[in-house]
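Summary of the model geometry
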Amino acid sequence: MRVIAGTARSLPLKTPAGMDTRPTTDRIKETLFNMLQPYLPGAVFLDLYSGSGGIGIEALSRGAGHAYFVENNRNAIACITENLQFTKFTDRATVLRQDVLGALPGIHEKEVDVIFMDPPYHSEYEKQVLRMLRGLPYVTEHTLIVTEAALETDFSYVKELGFVVEKEKRYKTNKHVFCKIF
């Protein structure tokens, strides 16, 4: 796995050992960031269920001003920290070793531009996170929320939570769902 573009382009990233994380492939990451690029210059970016930190690091490499990495797994946190040091983004990153639902209320930003989450598939954590995000002051009508999920994951409930699905990008094995508050 590597950084695709930006100031850290082509730098290799480490991934945690084992099967607890699913690093996003370079091809999917490139497609995702082609869609996210307009939101990134100077952005505050949240990478929830961070794994190796590859998504947040890509955002920093492409111009995000600051990224939060939220991850509960000890090995993944070590990997994120090492990747941030190697790419020299430590000064623009906050790493939170805690559960996502516990971490979100402790983030004190005026506005977050992009929230990316890649929870374990078939867990319905995305529903819990969206429910919590709806009530947080830094999530505004300008905040883009992107969820990586299994192809069969149903997002028909988001309207009840006050969100609208703006776009859905399907791949062979998963999809990205782009939501905003309406």
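Residues numbered from 1 in each chain as written. Predicted model: local features only at pLDDT ≥ 70, side-chain atom pairs only at ≥ 80, totals over all residues. Heavy atoms only, no water.

Side note on the pairing of strand E2 (residues 66–71)
A large share of E2 lies buried, amounting to 6 of its 6 residues. Of the two faces of E2, both are covered, the one formed by His66, Tyr68 and Val70 as well as the one formed by Ala67, Phe69 and Glu71. Note: strand E1 (residues 44–48) against E2, 5 bridges, orientation parallel. What sits directly across from Leu46, in E2, is Tyr68. Handedness of the crossover is the feature at issue here: the chain leaves E1, passes through helix H2 (residues 54–61), returns alongside E2, and the resulting connection is right-handed. One ladder, built from 5 bridges, connects E2 with strand E3 (residues 93–97); its direction is parallel. Considered in E3, the bridge of Val70 is made with Leu96. (Buried < 20%, exposed > 50% of the residue type's maximum accessible area, 1.4 Å probe, protein only. Helix = DSSP H or I, 4+ residues; strand = E, 2+ residues; numbered from the N terminus. Pairing = 2+ DSSP bridges. Right-handed = clockwise from strand over helix to strand, strands pointing away.)

Observations regarding the pairing of strand E4 (residues 114–117)
Side-chain alternation along E4 places Val114 and Phe116 on one buried face and Ile115 and Met117 on a second face that is also buried. Sheet topology places E1 next to E4; 4 bridges connect them, and they run parallel. From the neighbouring strand, Asp47 faces E4, where its bridge partner is Phe116. As judged from the 4 bridges shared by E4 and strand E5 (residues 144–150), these two strands associate in the parallel manner. Looking at E5, one finds that Phe116 is bridged to Val146. In this fold, E4 hands off to helix H5 (residues 125–133), which returns the chain to E5; that crossover is right-handed.

Limitation: the analysis is restricted to geometry and does not speak to function.
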